[in-house]
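Architecture at a glance
These are the residues of each chain, in order.
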Amino acid sequence: MVFHKEIKIKTVSGRTSYHDIQNDLVQIVESVDVRDGILVISTPHTTCSFYYEENMHDRNFYGDDFLQVDINNLMEKLAPKMTSENQYNSPGEEHIKFGLSLTDPNYPAEKWVMLNTDAHLKSSVFGTHSETLIIKDGQLLCGSLGKVYFVDWDQLRERDRTVNVLVMGE
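Predicted model, so just to flag it, every value in this text is computed and none were measured. (Residues numbered from 1 in each chain as written. Predicted model: local features only at pLDDT ≥ 70, side-chain atom pairs only at ≥ 80, totals over all residues. Heavy atoms only, no water.)

**Some points on helix α1 (residues 22-31)**
Given 3.6 residues to a turn, an α-helix orients residues that are three or four positions apart in the same direction. Stated precisely, the cut-off is as follows: Each residue is placed in one exposure class: buried if its accessible area under a 1.4 Å probe, protein chains only, is under 20% of its type's maximum, exposed if it is over 50%, and partly exposed if it falls in between. Helix and strand definitions here come from DSSP, where helices need a minimum of 4 consecutive H or I residues and strands a minimum of 2 consecutive E residues; each element is numbered from the N-terminal end. It is the directions from the helix axis to the C-beta atoms that the arc portrays.
Burial in α1 covers these residues: Q22, L25, I28 and V29. All buried residues of α1 fall inside an arc of 130° around its axis, so they share one side. Counted as exposed and oriented over 90 degrees from the buried face of α1: N23, Q27, E30 and S31.

Written as structure tokens, this is what we have:
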């Protein structure tokens, strides 16, 4: 059996956007008739990542758990938030020209929206534009504290993001 589904996520602007998608994934597994198999998640968005980690319970005022705050602090040291053009080599003239040629009614074609090199670097360093989880006896094998998170490193504006879900098994 093969099953596809999309999860839609609305991100925030002004800070890294974290989303616990564990319950969505559990509901998908419960809705399909797969006893043993795999669940694969992926995203087409190049400034986004997935990770599997323990729920740390304590949260800051934004609702980010303290491990996410620690991740932000570490990633900010590696790739500081882009605040002006020429802070990084990217984007160059050709990429800006390409970006301005795009027409998307949801997002403006303005130069400032390309000042997200830090998000691309964070996503590349942090990695994983996909995750694979095991389904056994009709359940995701995630442990009692394990959570699957989607993170958008791009802080420029809120966005509509997509998580692609594939379930395969028998």
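**A closer look at the sheet that holds strand β8 (residues 160-169)**
Under the convention used in this document: Two strands qualify as a pair provided that DSSP identifies no fewer than 2 bridges between them.
A sheet is described by the order of its strands in space; here five strands give the open sequence β1-β8-β3-β5-β6, paired in antiparallel fashion. With partners counted over all chains shown, the strands left at the sheet margins are β1 (2-10) and β6 (139-140), one partner each. As paired strands, strand β5 (residues 130-136) and β6 are joined by two bridges and run antiparallel to one another. Note on β6: the bridge partner recorded for I135 is L140.

**Looking at the environment of L115**
Basically, it comes down to this: Here, residues are in contact when the closest pair of their heavy atoms is within 4.5 Å.
Looking at where L115 falls in the secondary structure, it is placed in the loop between α3 (93-101) and α4 (117-126). On the accessibility criterion, L115 (17% relative accessible area) is buried. The sequence separation of L115 and N86 amounts to 29 residues, and the corresponding C-alpha distance is 9.3 Å. Ignoring sequence-local partners within four residues, the contact set of L115 consists of M82, S84, E85 and L156.

**With respect to the sheet that holds strand β2 (residues 17-20)**
What links the strands of a sheet is backbone hydrogen bonding, and the strands pair in either a parallel or an antiparallel sense. Just so we agree on the cut-off: Here an axis means a line fitted to C-alpha atoms, over the contact stretch when the element is a helix, while the angle between two N-to-C directions is reported on a 0 to 180 degree scale.
If you walk across this open sheet you meet the three strands as β2-β7-β4, and the pairing is antiparallel. Both outer strands of the open sheet, β2 and β4 (48-54), are each paired with one neighbouring strand and no more. Along the sheet, successive strands turn relative to each other by an average axial angle of 30°, direction set aside.

**What about the pairing of β8?**
Sheet topology note: the β1/β8 ladder contains nine bridges and is antiparallel. The residue of β8 that forms the bridge with I7 is V163. Where strand β3 (residues 37-42) lies against β8, six bridges are found, and the strand directions are antiparallel. In the strand pairing of β8, I38 is matched with M168.

**Observations regarding the side chain of D64**
Of note, D64 is situated in the loop between β4 and α2 (66-78). If we skip the residues at most four places from it in the chain, D64 touches R15, T16, Y18, D58, R59, V69 and N72.

**Quick notes on the nonpolar core**
The test is simple: Buried residues of nine kinds, namely Ala, Val, Leu, Ile, Met, Phe, Trp, Tyr and Cys, make up a nonpolar core once their side-chain atoms join them within 4.5 Å.
One finds I21, L25, L39, I41, V163 and V165 to be the most contacted residues of the largest nonpolar core, which totals 21 residues. Put simply, the parts of the chain that give this core at least two residues each are β1, α1, β3, β4, β5, β7 (146-152) and β8. Residues contacting L25, with those up to four places away along its chain left out, are I7, L39, I41, L133, L140, V148 and V165.

**Observations regarding the packing of aromatic side chains**
What counts is decided by this rule: Here a Phe, Tyr or Trp ring, Trp counted by its six-membered ring, pairs with any other such ring whose centre lies within 6.5 Å, and the pair is stacked when the planes are under 30 degrees apart, edge-to-face when over 60, and tilted otherwise.
Scanning the model with the defined rule gives six aromatic pairs in all. Measuring from centroid to centroid gives 6.4 Å for Y18 and W153, while their planes differ by 75°, and the two rings are edge-to-face. Of this pair, Y18 sits in strand β2 while W153 is found in the loop between β7 and β8, placing the two residues 135 residues apart along the sequence. Relative accessible area serves as the criterion here: at 11%, Y18 is assigned to the buried category. Looking at W153, the relative accessible area reads 1%, which means it is buried.

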